[in-house]
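# Coordinates in review
These are the residues of each chain, in order.
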Amino acid sequence: MQEKVYETVQGYRLIGIETEPNAQFFKERFGLPMSLAKQAFDGIWIRRTRIDKVTFLGHDEIIRIRPVTIFDTEFDPPQGIGSEN
């Protein structure tokens, strides 16, 4: 899998790999069977390789997805990552 940059409508740049959580994750996190949880979420899960977290992005939140370059930096103020430069 290739790392990608996910640019959001809020102006955030998230770097990671698209992933699919397993049934145990949904059960522990939401107390739901995987079949119900997958229906409730319309978007993609991203394994944020640089901060070792999993983030959910709805399809309506994503502006652009592109391959990461060596010059890319993450910008995610709620996580305390990056600057606006």
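Nothing here was measured: the structure is a model prediction, and the numbers come from that model.

Turning next to the sheet that holds strand 2 (residues 13–19). Where strands meet in a sheet, backbone hydrogen bonds hold them as pairs that are either parallel or antiparallel. With antiparallel pairing, 5 strands are arranged side by side in an open sheet as 4-3-2-1-5. Strand pairing shows two members of the sheet lacking a second neighbour, strand 4 (53–58) and strand 5 (62–67), which therefore form its edges. Within this sheet the neighbouring strands show an average axis-to-axis angle of 45 degrees, counted without direction. For strand 1 (residues 4–8) and strand 5, the ladder comprises 5 bridges, and the chain directions are antiparallel. The residue of strand 5 that forms the bridge with E7 is R64.

Glancing now at unusual backbone geometry. You will see that D52, though not glycine, has its phi angle at about 55 degrees, which is positive. Looking at the secondary structure, you find D52 in the loop between strand 3 (43–48) and strand 4. The exposure class assigned to D52 is exposed, which follows from its relative accessible area of 69%.

Right, let's talk about the environment of P21 for a bit. In this structure, P21 sits in the loop between strand 2 and helix 1 (23–30). Residue P21 is classed as buried on the basis of its relative accessible area of 10%. Through-space distance from the C-alpha of P21 to that of I46 is 9.5 Å; in sequence the pair is 25 residues apart.

With that out of the way, let us pick up the nonpolar core. Ranked by size, the top nonpolar core spans 6 residues in total: Y6, L14, I44, I46, L57 and I62. If sequence neighbours within four positions are ignored, I46 has contacts with Y6, G16, I17, T19, K53, V54, T55 and L57.

This structure, assessed with the given rule, holds 6 salt bridges. Here R50 makes a salt bridge to E3, at a shortest N to O gap of 3.9 Å. Separated by 47 residues along the polypeptide, R50 in the loop between strand 3 and strand 4 and E3 in the segment before strand 1 bring together distant segments of the chain. The class of R50 is partly exposed, set by a relative accessible area of 45%.

Reading the values: rules and limits
Residues numbered from 1 in each chain as written. Predicted model: local features only at pLDDT ≥ 70, side-chain atom pairs only at ≥ 80, totals over all residues. Heavy atoms only, no water. Pairing = 2+ DSSP bridges. Helix = DSSP H or I, 4+ residues; strand = E, 2+ residues; numbered from the N terminus. Axes fitted to C-alpha atoms, helices over the stretch in contact; angles between N-to-C directions. Buried < 20%, exposed > 50% of the residue type's maximum accessible area, 1.4 Å probe, protein only. Core = buried A, V, L, I, M, F, W, Y, C linked by side-chain atoms within 4.5 Å. Contact = heavy atoms within 4.5 Å. Salt bridge = Lys/Arg side-chain N within 4 Å of Asp/Glu carboxyl O.

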